[in-house]
Amino acid sequence: VQLQASGGGLVQAGGSLRLSCAASGRTFRDYGMGWFRQAPGKERDFVASIRWTGGVTYYEDSVKGRFTISRDNAKNTVYLQMNSLKPEDTAVYYCAARRDRGTITSEAAWKMRDRNEFDSWGQGTQVTVSS
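Worth saying up front: this structure is predicted, and the values here are computed from it rather than measured.

1. Considerations on the overall build of the protein
- Within the protein one finds one helix and 11 strands.
- Counting from the amino terminus, helix and strand elements in the protein follow one another as β-β-β-β-β-β-β-β-β-α-β-β.
- For a compact globule of 131 residues, the expected C-alpha radius of gyration is about 14 Å, and the protein comes in at 14 Å, within 12% of that figure.
- In terms of its C-alpha atoms, the protein occupies a principal-axis envelope of roughly 45 × 30 × 25 Å.
- Taking all 131 residues of the protein together, 44% fall into the buried category.
- Of the accessible surface of the protein, which amounts to about 6,600 Å², a share of 44% is contributed by carbon and sulfur atoms.
- In the protein, the 18 positive side-chain charges and the 13 negative ones have mean positions that sit 5 Å from each other.

2. Observations regarding the layout of surface pockets
- One number sums up the size of the largest pocket: a volume of about 170 Å³.
- Arg-37, Gln-38, Ala-39, Lys-42, Glu-43, Asp-45, Phe-46, Glu-60, Glu-88, Thr-90 and Ala-91 together form the lining of the largest pocket.
- Elements that contribute at least two residues to the lining of the largest pocket include exactly strand E4 (31-38) and strand E5 (44-50).
- Across the lining of the largest pocket, the residue classes tally to three nonpolar, two polar and six charged.

3. Observations concerning the state of the cysteines
- Counted according to the given criterion, the structure contains one disulfide.
- Here Cys-21 pairs with Cys-95 through a disulfide, and the sulfurs are 2.1 Å apart. Its S-S torsion of approximately 60 degrees makes the covalent link between Cys-21 and Cys-95 right-handed. A residue pair is termed long-range when its members are at least 10 positions apart, and Cys-21 in strand E3 (residues 17-23) and Cys-95 in strand E9 (residues 91-99) qualify at 74 residues.

What counts, and where the lines are drawn
- Residues numbered from 1 in each chain as written.
- Predicted model: local features only at pLDDT ≥ 70, side-chain atom pairs only at ≥ 80, totals over all residues.
- Heavy atoms only, no water.
- Helix = DSSP H or I, 4+ residues; strand = E, 2+ residues; numbered from the N terminus.
- Rg over C-alpha atoms; globule rule 2.2 N^0.38 Å.
- Buried < 20%, exposed > 50% of the residue type's maximum accessible area, 1.4 Å probe, protein only.
- Areas by Shrake-Rupley, 256 points an atom, 1.4 Å probe, with all protein chains shown as cover.
- Lys, Arg positive; Asp, Glu negative; His and termini not counted.
- Charge placed at Lys NZ, Arg CZ, Asp CG, Glu CD.
- 1 Å grid on protein atoms, 1.4 Å probe; cavity = no way out; pocket = protein on both sides within 12 Å on 5 of 7 lines; lining within 4 Å.
- Points joined across faces, edges and corners; volume = space filled by probe spheres on them.
- Nonpolar A, V, L, I, M, F, W, Y, C, P; charged D, E, K, R; others polar.
- Disulfide = S-S within 2.5 Å.

The following block contains the structure:
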C-alpha cells in the first residue's frame, strides 16, 4: 500500500490541525494504520494507531485526550485530529501501515505501537506549534 500524508502546517499553541493519510490499494481495510512523529535529532516515535476493524485505537500517553485517530475505509483514508496543540508536538508526522487482519489481540497491543512492525510509510508532513 502506498501512503500520502497531508494537513500539516503552522499553528499557535492551543490550536488544532487535522492530518490526513490517503492510501492506494484495494486491501486498505486489512491494514492497521499508525501515526508517528520525528522531531529534529530524535527518533521516530509512536503517536497513535487504529486497527483494521477501526474499533480499537492506541495512543501515546502525552496525546491522550488531545488527539483522535480515525479511518474511513470507503475513502481509503486515515485521519489524526490534533487539538490543544503544544510546542512539544512540533515534528514531522508520518503515517504508516501494517497488515493487521489476522493479528491476535494480545500481539496487536504492542505491534500497533512498534514502528518496526509497520512496512509502508508516507512521506511525512511538518507540524509546527508556536508558543
